[in-house]
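# Analysis of the macromolecular model
Here is how the chains run, residue by residue.
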Amino acid sequence: MLGYALIRVQKKWTDEPYQSFCKNSTLISAPKRRHKVHSLILVPIFCSKGMRQDRIPRYWLTMNPSQDLNETLRNHHPAAYACLSRVGQRMFFPLGIPAQAQQAKTAKVNATIGQLTDGKGGAMPLPSMAKAISGLSLESTTLYAAQGGHKTLRAAWKERLDRAGDGPKSEPFCTVGLTHGLSLLGDLFVDEDTDVLLPDPCWGNYGMIFEARSGGRVIPYPVLQDGKFTTNAMEDALAKVRSKAVVILNFPGNPTGYTPTADELAPWLDAIRNTTKPIVVICDDAYNGFVYENDRITRSPFHELADADPARVLPIKVDGATKELCFFGGRVGFVTFGVSGPAATALESKLKGIARASISSGPAISQAIVLSALNDPNLATEKATLMEECTRRYHTLKRCLIEAKIPHEPFNSGFFALIPVDNDPEALRLRLLEQGVGVVAIPGIRAIRIAFSSTSVEDIPELVNAIAEQLNLAST
Ligand SMILES: Cc1ncc(COP(=O)(O)O)c(C=O)c1O
């Protein structure tokens, strides 16, 4: 499909931004090499098949911010610039959710970041977690944790996973939050020749991890089309794989808040099982268990893939205490391979080597808190109470959106809801912020994301009315 991209050329045009842009599109008329500062150029592009022009991630359409940083280094520290690795050259800090959440910190209604709060920015810890913080031994908190995590904690997490499905599993490898686990897997499995199949839309940090950092080639696959789950998306995306791939599955999804039914998911699992190229399937189960409708899958596709042929598919589960135990700042995640025996030991050794070379062992204190909570007999009841609150917020938001006639993508789980907008979502976000309402703008898919996880039931009508007003829709 032919599309057009407007590119802001801020500095001298060099080969680098041109190459970075071309990585995901085909430029058919190359701009002249030197343009004036801040000039705008319109370039025709061929979008990859199935990709809608308005779905092209924003950072592909503007000059990659890493180029500005490289230019600064080139001008102010030539040695630093000359010594940058390829990853170093590609790296930048995106103006994504953390930046937008920071701006909304003082907003009256803050529906930006995916953590559970009381709606006023206060924490909502599970009592067994809060209690653990003051009741831990000095040994378990101040001495080094083992590489790969506290042994008893790893066993306790495995027990949790075994309760959901009895397929082969390695001992869960403890990471510093899920991001660290995903990044370790990027180091282990992704190079320039690796295709990385990402849900579209997806959590923006996947792009940072698997593309900007690991250098993989992203193949986006649509999760929802015309308000329905895209049943053929996985088969179509796998057909584009060159030699090997990493596939990310994320249910409940960020930013969609969507979880499929078993029937909807079945064609995806069949396509994965029948892949002709070797693939690693990473199930990012950050929001595991936060499902509010009865007809949806309640366990990770990781368990369904336990029977996949090891000659073709390696299933991996990435999960953790971040959302599941409401321990956002604790930074305790896990990577579990869907294999046992010698392959599990070999994979764990490799992961341990990469972790050793980067963070070494994770923080002992957070691991001790999670272990203590897992052993607390009250945990299940506390989690059920938390789920009741999340379910109330979910139903309240759904009802308010329907009453205010705000068109939204289907959502049934997790922490988020997506509202497509006709005009610039960033401009809408800034107007809402002026009114004391914080949401996240996702320009790449022309939508705003509402985190109902951090909005109290009482504040949801005000949040929805503010959005309706801005969208000039009839509100209740
Ligand atoms: C889908 C998804 N995966 C992973 C993470 C990262 O989790 P953590 O904070 O443990 O690194 C997030 C956080 O928002 C997420 O939404």
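Below, the structure is looked at part by part. (Residues numbered from 1 in each chain as written. Predicted model: local features only at pLDDT ≥ 70, side-chain atom pairs only at ≥ 80, totals over all residues.)

## A short note on the overall build of the protein
- Helices and strands together make up the secondary structure of the protein, namely 20 helices and 17 strands.
- Counting all 476 residues of the protein, 43% fall into the buried class.
- For the protein, the proportion of contacts with a sequence separation of at least 24, taken over those separated by at least 6, is 75%. (Helix = DSSP H or I, 4+ residues; strand = E, 2+ residues; numbered from the N terminus. Buried ≥ 20, exposed ≤ 12 C-beta atoms within 10 Å, placed from the backbone. Contact = placed C-beta atoms within 7 Å.)

## What to know about the site of the ligand
- Every residue near the ligand is listed here: G114, G177, L178, T179, W203, N250, N254, D284, A286, G320, T322 and G333.
- In terms of residue count, helix α10 (residues 177-189) provides more of the shell around the ligand than any other element does, three residues in total.
- Across the shell around the ligand, the residue classes tally to three nonpolar, eight polar and one charged. (Near = placed C-beta within 6 Å. Nonpolar A, V, L, I, M, F, W, Y, C, P; charged D, E, K, R; others polar.)

## Details of the packing of α10 against helix α11 (residues 205-213)
- Across the interface, α10 lies against α11 with an axial gap of 10 Å and an inter-helix angle of 25 degrees. Between α10 and α11, the interaxial angle falls into the category roughly parallel. As for how α10 packs across α11, the hand of that crossing is right-handed. Counting all contacts with α10, which are made through T179, L182, S183 and G186, the residues of α11 involved are N205, I209, F210 and R213.
- Within the contact of α10 with α11, the residues separate by chemical class into three nonpolar, four polar and one charged. (Axes fitted to C-alpha atoms, helices over the stretch in contact; angles between N-to-C directions. Parallel < 35°, antiparallel > 145°, perpendicular 65-115°, else oblique. Left-handed = near helix turned anticlockwise from the far one by under 90°.)

## What about the sheet that holds strand β17 (residues 447-451)?
- Spatial strand order, β14-β17-β16: three strands in an open sheet with antiparallel pairing. Whereas interior strands pair on both sides, the edge strands pair on one side only; in this sheet they are β14 (416-420) and β16 (440-442). Shown here is a sheet whose adjacent strand axes are inclined to one another by a mean of 30 degrees, direction ignored.
- Relative to β17, β16 runs antiparallel, the two being bridged by three bridges. Paired with V440 across the bridge in β17 is R449.
- Sheet strands touched by helix α19 (residues 425-434): β16 and β17. Its angle to β16, the strand with the most contacts, is close to 170 degrees. (Pairing = 2+ DSSP bridges.)

## Section: α19
- Where α19 is concerned, the buried positions are P425, L428, R429 and L432. Taken around the axis of α19, the buried residues stretch over an arc of 100 degrees, which confines them to a single face.
- Where the residues of α19 are buried, they touch α6 (97-103), β15 (437-438), β16, β17 and α20 (460-470).
- Two residues or fewer after α19 comes G436, characterised by a positive phi angle close to 85 degrees. (Arc of directions from axis to C-beta.)

## Overview of the environment of R331
- Counting through the fold element by element, R331 comes out in the loop between α15 (321-324) and β13 (333-337).
- Considering only alpha carbons, one finds R331 and P363, 32 residues apart in sequence, at a separation of 8.4 Å.
- Look past the residues within four positions of R331 in its chain and what remains in contact with it is V176, G177, P363 and S366.

## Digging into the sheet that holds strand β6 (residues 195-200)
- Read across the open sheet, the seven strands follow the order β5-β13-β12-β11-β10-β6-β7; overall the sheet is mixed. Because the sheet does not close on itself, it has two edges, and the strands there are β5 (173-175) and β7 (217-222). Strand-to-strand twist across the sheet, computed as the mean angle between neighbouring axes with direction ignored, equals 25 degrees.
- Two strands pair when backbone bridges link them, and β6 and strand β10 (residues 245-249) are joined in this way by three bridges, in the parallel orientation. When the bridges of β10 are listed, V196 appears paired with V246.

## Remarks on the nonpolar core
- Within the largest apolar cluster, 111 residues are counted, with the highest numbers of intra-cluster contacts made by V246 and V281.
- Looking at which domains feed residues into this core, each of domain 2 (97-114 + 379-475) and domain 3 (128-374) supplies at least three.
- Excluding its chain neighbours within four sequence positions, the residues that come into contact with V281 are V247, L249, I272, L305, V313, P315 and I316. (Core = buried A, V, L, I, M, F, W, Y, C linked by C-beta atoms within 7 Å. Domains from an automatic or database assignment.)

## So, the pairing of strand β11 (residues 279-284)
- With six of six residues buried, β11 is to be regarded as a mostly interior element.
- The pairing of β10 with β11 spans five bridges and is parallel. Residue pairing across strands places V246 opposite V280, the latter belonging to β11.
- Between the parallel elements β10 and β11, the chain passes through helix α13 (residues 262-273) in a crossover that is right-handed. (Right-handed = clockwise from strand over helix to strand, strands pointing away.)

## Structural notes on α10
- Here α10 spans 19 Å end to end across 13 residues, near enough to the 18 Å set by a 1.5 Å rise per residue.
- In terms of burial, α10 is a largely internal element, 10 of the 13 residues being buried.
- Of all the residues in α10, the buried ones are G177, L178, H180, G181, L182, S183, L184, L185, G186 and F189. (Expected span 1.5 Å × (residues − 1).)

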